[in-house]
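# Coordinate inspection notes
Chain residues, written in single-letter form:
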Amino acid sequence: MTAKRKRFIAGATCPVCHSADTLAVWREDNSYRVACVKCGYTQGQDDDMISAKRPDKENIIGIFHPE
Ligand SMILES: [Zn+2]
């Protein structure tokens, strides 16, 4: 098994087994691959789709400007 950096997509639901927080994503070549660790579902994803789905809470906190 190669050591690729995988991260889980918070809040994402597997389209096959409908489990939440079981989708792992990693970069492969010039695209992202998504896999469900529960049922083994895999799919390729565009960069934009992953970025839109991923709630990056730390960045949101960083750019929040309280009055
Ligand atoms: Zn699944």
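Note that residues are indexed from 1 along each chain, following the sequence as it is written. In view of the model being predicted, local features appear only for residues whose pLDDT reaches at least 70, and side-chain atom pairs are presented and counted only at 80 or more, with totals across whole chains, interfaces and linings using the full set of residues. To get the side-chain values, take all heavy atoms of the structure and skip hydrogens and water.

Distances from the zinc ion to its protein donors, Cys14 (SG), Cys17 (SG), Cys36 (SG) and Cys39 (SG), fall within 2.3 Å. One can describe the donor arrangement at the zinc ion as tetrahedral, given that its 4 donor atoms subtend angles of 107 to 116 degrees at the metal. Each metal site lists N, O and S donors within 2.8 Å (3.2 Å for Na, K and Ca). With water left out of the atoms, a site can look as if it is missing ligands. Every donor residue of the zinc ion comes from the same chain, spaced as C-x2-C-x18-C-x2-C. Of the two residues, Cys14 sits in the loop between β1 (6–8) and β2 (23–28) while Cys36 sits in strand β3 (residues 31–36), which places them 22 residues apart along the sequence. Buried, partly exposed and exposed residues are distinguished by accessible area as a fraction of the type maximum, computed with a 1.4 Å probe on protein chains only: under 20%, between the cut-offs, and over 50%, respectively. Judged by relative accessible area, which is 1%, Cys14 ranks as buried. Assessed through its relative accessible area of 3%, Cys36 is described here as buried. Working rule for geometry: tetrahedral if four donors all subtend angles between 85 and 135 degrees; square planar for four, octahedral for six, if opposite donors exceed 155 degrees and the others stay between 65 and 115; irregular in every other situation. Numbering of helices and strands runs from the N terminus; a helix is a DSSP stretch of H or I covering at least four residues, while a strand is a stretch of E covering at least two.

A few words now on the pairing of β2. Bridge analysis of β1 against β2 gives 3 bridges, and the strand direction is antiparallel. Bridge pairing in β2 links Arg7 to Val25. By the bridge criterion, 6 bridges tie β2 to β3 in an arrangement that is antiparallel. Opposite Arg27, over in β3, you have Tyr32 as the bridge partner. A pair of strands is considered paired only if DSSP assigns at least 2 bridges between the two. Two successive antiparallel strands, β2 and β3, enclose a turn made up of 2 residues, where Asp29 displays a positive phi of approximately 55 degrees.

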